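The chain contents come next:
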Amino acid sequence: MGKKEKKQRHQQRGSRRADFYEEEEGYEAGNSFPSDQEQPRPDDFEDEEDEQEEKNNDPQHRSNDMPSKFLLYQQSVQSPKGDISYMLKFFLMYVGGRQPLHLQEDFCGTALLSAEWLRSDPRRTAVGLDLDLEALQWCMENNVNKVGADGYSGISLFHGNVLQPLEAKLVRSDEPQELVRNIILTESTNDLVEASALESVQGGLEASADDNCTKRNSRLPARDIVCAFNYSCCCLHKRADLVLYFKHVLEALSKKGGIFVMDVYGGTSSEQKLRLQRRFPNFTYVWEQDEFDIIQRKTRISLHFHLQKQQKKLRHAFSYSWRLWSLPEIRDCLEEAGFQSVHFWIREMPDTKENRSTEGFGVAQDVKYEEVETFQQQDAWNAYIVAVA
Ligand SMILES: C[S@@+](CC[C@H](N)C(=O)[O-])C[C@H]1O[C@@H](n2cnc3c(N)ncnc32)[C@H](O)[C@@H]1O
């Protein structure tokens, strides 16, 4: 693959909803969504051929045969390099004067972004926080291990709620090389990174049962950047919760200056039922958007994966109940929480009604985000929102 092609491919992966095309005819749409759970149910594995049924009822066979839903998600949804490069640009523009070294990834899921953050500079640290313990554990075994020796010492993953971050528990691991920080005491009272005692943890991957290993009792460097990507703030439905979350972010940021970066999507296509899909070499990724309630501004998103080789469908691999916050609502909440300034960086996305390539990675989308004061409504757009502490 040539350099240009590689770059193009990266940019294509970098987009989220950009690379979808409308669903082919003949795809059998599901009628109902599960509740807020994000785990695939046994019924969510659908065979394309009846003769596969017996094999699929054998859980051993299924787990050996099926790639992890987290791996499929990372391959289809995430683009950590693109996000990091924008975050560095934003930090330089709105703070400057020093290199950002300390990142916090809220709603981190498998914390792919945090793992990528650690790769390029051994001085960097990352803190991840999520409600999903399985995703955090998967991160330890499949993302942090690829960072190299510095990975485990540079990352602190916490299992808990972004609305009560100090109660979140440190996720531990017992692999010999997997050392996690035994981080003690207060958070964000100053900008010093104190040497952390490294502890080899017993007892397997788990959220710590030890109450001392909460985020409250952890000595973490004040963060230069806090981020919440892939529309995660839409998981918070109440305005008061959004403001509370933003206040927690502000507390975690360095007193020397820092930024919070989140993303959100919108456009006329985001407020209606929609199914989009994108084909990868070994699987097809389907984004299913339920009806949009204009009173609550809520919808439900389900992500499905169709595996060609295995002739199986992993339906409802991930399912989210989202409130689609508008840009001015988010700005008001950020200002109410105490941020100094808020900036919108928007990128128009391809029209969801247009059919595009059904092979490979789709049509190249080399449209960059731009800072805007006004933006006319489109079929689909994506925004980074940057709040300066
Ligand atoms: C859309 S996923 C985003 C995952 C990842 N940030 C990414 O970029 O792909 C939303 C994540 O937020 C987590 N989550 C939802 N509500 C949360 C809360 N109140 N506190 C912490 N994590 C939460 C879910 O477990 C899930 O991993």
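What counts, and at which threshold
Residues numbered from 1 in each chain as written. Predicted model: local features only at pLDDT ≥ 70, side-chain atom pairs only at ≥ 80, totals over all residues. Heavy atoms only, no water. Buried < 20%, exposed > 50% of the residue type's maximum accessible area, 1.4 Å probe, protein only. Helix = DSSP H or I, 4+ residues; strand = E, 2+ residues; numbered from the N terminus. Pairing = 2+ DSSP bridges. Right-handed = clockwise from strand over helix to strand, strands pointing away. Near = heavy atom within 4 Å. Polar contact = N/O pair within 3.5 Å; in protein donor to acceptor, adjacent residues only side chain to side chain. Areas by Shrake-Rupley, 256 points an atom, 1.4 Å probe, with all protein chains shown as cover. Nonpolar A, V, L, I, M, F, W, Y, C, P; charged D, E, K, R; others polar. Phe/Tyr/Trp six-rings, centres within 6.5 Å; stacked < 30°, edge-to-face > 60°. Contact = heavy atoms within 4.5 Å. Core = buried A, V, L, I, M, F, W, Y, C linked by side-chain atoms within 4.5 Å. Salt bridge = Lys/Arg side-chain N within 4 Å of Asp/Glu carboxyl O. Disulfide = S-S within 2.5 Å.

*Asks:* Help me understand the pairing of strand β10 (residues 225-228) in this model?
*Replies:* Regular strands show a simple pattern: their side chains alternate between the two faces of the sheet. Neither face of β10 is left uncovered, since the one carrying I225 and C227 and the one carrying V226 and A228 both have all their residues buried. Strand direction decides the pairing type here: strand β3 (residues 102-106) and β10, joined by 3 bridges, are parallel. Within β10, the position partnered with Q104 by the bridge is V226. Alignment of β10 against strand β11 (residues 259-266), held across 4 bridges, turns out to be parallel. Looking across to β11, one finds that I225 is bridged to I259. Handedness of the crossover is the feature at issue here: the chain leaves β10, passes through helix α9 (residues 239-252), returns alongside β11, and the resulting connection is right-handed.

*Asks:* When you look at the site of the ligand in this model, what are you seeing that I'm missing?
*Replies:* Inspection of the region around the ligand gives 18 residues, with Y73, F107, D130, N161 and N230 positioned closest. Within the side chain of Y73, a nitrogen or oxygen atom sits 2.4 Å from an oxygen atom of the ligand. Surface burial for the ligand is 92%, taken as the share of its 590 Å² of free accessible area covered by protein chains. Across the shell around the ligand, the residue classes break down as 9 nonpolar, 6 polar and 3 charged.

*Asks:* Explain the packing of aromatic side chains to me, please; I cannot follow it from the model alone.
*Replies:* The geometry of an aromatic ring pair is captured by the separation of the ring centres together with the interplanar angle, meaning the angle of the planes. Counted by the stated rule, this structure contains 24 aromatic pairs. With centroids separated by 5.1 Å and ring planes inclined at 45 degrees, the aromatic side chains of Y86 and Y384 adopt a geometry described as tilted. Here Y86 is found in helix α5 (residues 80-94), whereas its partner Y384 is found in strand β18 (residues 381-388), with 298 residues between them in sequence. Across the pair, Y384 and Y86 agree in class, each one buried. Judged by centre distance (4.8 Å) and plane angle (10 degrees), the rings of F280 and F283 are stacked.

*Asks:* When you look at unusual backbone geometry in this model, what are you seeing that I'm missing?
*Replies:* Most peptide bonds take the trans configuration, and most residues that are not glycine carry a negative phi. One non-glycine residue, A111, lies in positive phi territory at about 50 degrees. Within the secondary structure, A111 sits in the loop between β3 and α6 (112-119). By relative accessible area, A111 is classed as buried at 0%. For Q311, which is not glycine, the phi torsion reads 55 degrees and is therefore positive. Structurally, Q311 is set in the loop between β14 (298-307) and β15 (312-323).

*Asks:* Whenever I open this one, the environment of Q99 confuses me. Can you help?
*Replies:* Looking at the secondary structure, you find Q99 in the loop between α5 and β3. Along the sequence, Q99 and L88 sit 11 residues apart, while their C-alpha atoms lie 8.5 Å from each other. Once residues lying within four places of it in the same chain are set aside, the contact partners of Q99 are F91, D121, R123 and D224.

*Asks:* Help me out: how do you make sense of the nonpolar core in this one?
*Replies:* Most often, soluble globular proteins keep nonpolar side chains buried together rather than apart. Counting 66 residues, the largest nonpolar core has Y245, F246, F260 and F339 as the members making the most contacts within it. The biggest single contributor to this core is α9, with 6 residues. Residues contacting F339, with those up to four places away along its chain left out, are F246, V249, L250, L253, F260, L334, A387, V388 and A389. One finds Y86, M87, A115 and F229 within the second-largest nonpolar core, a separate group that totals 33 residues.

*Asks:* I would appreciate a short explanation of the pattern of salt bridges in the present structure.
*Replies:* Where charged atoms of side chains with opposite charge meet at close range, the side chains can pair. Per the stated rule, a full pass over the model turns up 12 salt bridges. The partner of E336 in a salt bridge is R239, and the shortest N-O contact between them spans 2.9 Å. Residue E336 is found in helix α10 (residues 327-337), and its partner R239 is found in helix α9; the two are separated by 97 residues along the sequence. Accessibility expressed as a relative area gives 38% for R239, which makes it partly exposed. One salt bridge in this structure joins D379 and K353, with 3.2 Å as the shortest N-O distance. One end of the pair, D379, is in the loop between β17 (370-372) and β18; the other, K353, is in the loop between β16 (341-348) and β17, and 26 residues separate them in sequence. By relative accessible area, K353 is classed as exposed at 56%. It is possible to trace a salt-bridge network through shared partners that takes in K81, E116 and R119.

*Asks:* Sorry if this is basic, but what is going on with the state of the cysteines here?
*Replies:* Here, disulfide denotes a covalent bond that connects the sulfur atoms of two cysteines. Tallying each qualifying case throughout the model produces 0 disulfides. C233 provides the cysteine sulfur closest to C333, a residue in no disulfide bond, and the two sulfurs are 10.0 Å apart. Owing to a relative accessible area of 0%, C333 belongs among the buried residues under this scheme.

The values reported here are purely geometric and, on their own, carry no functional implication.
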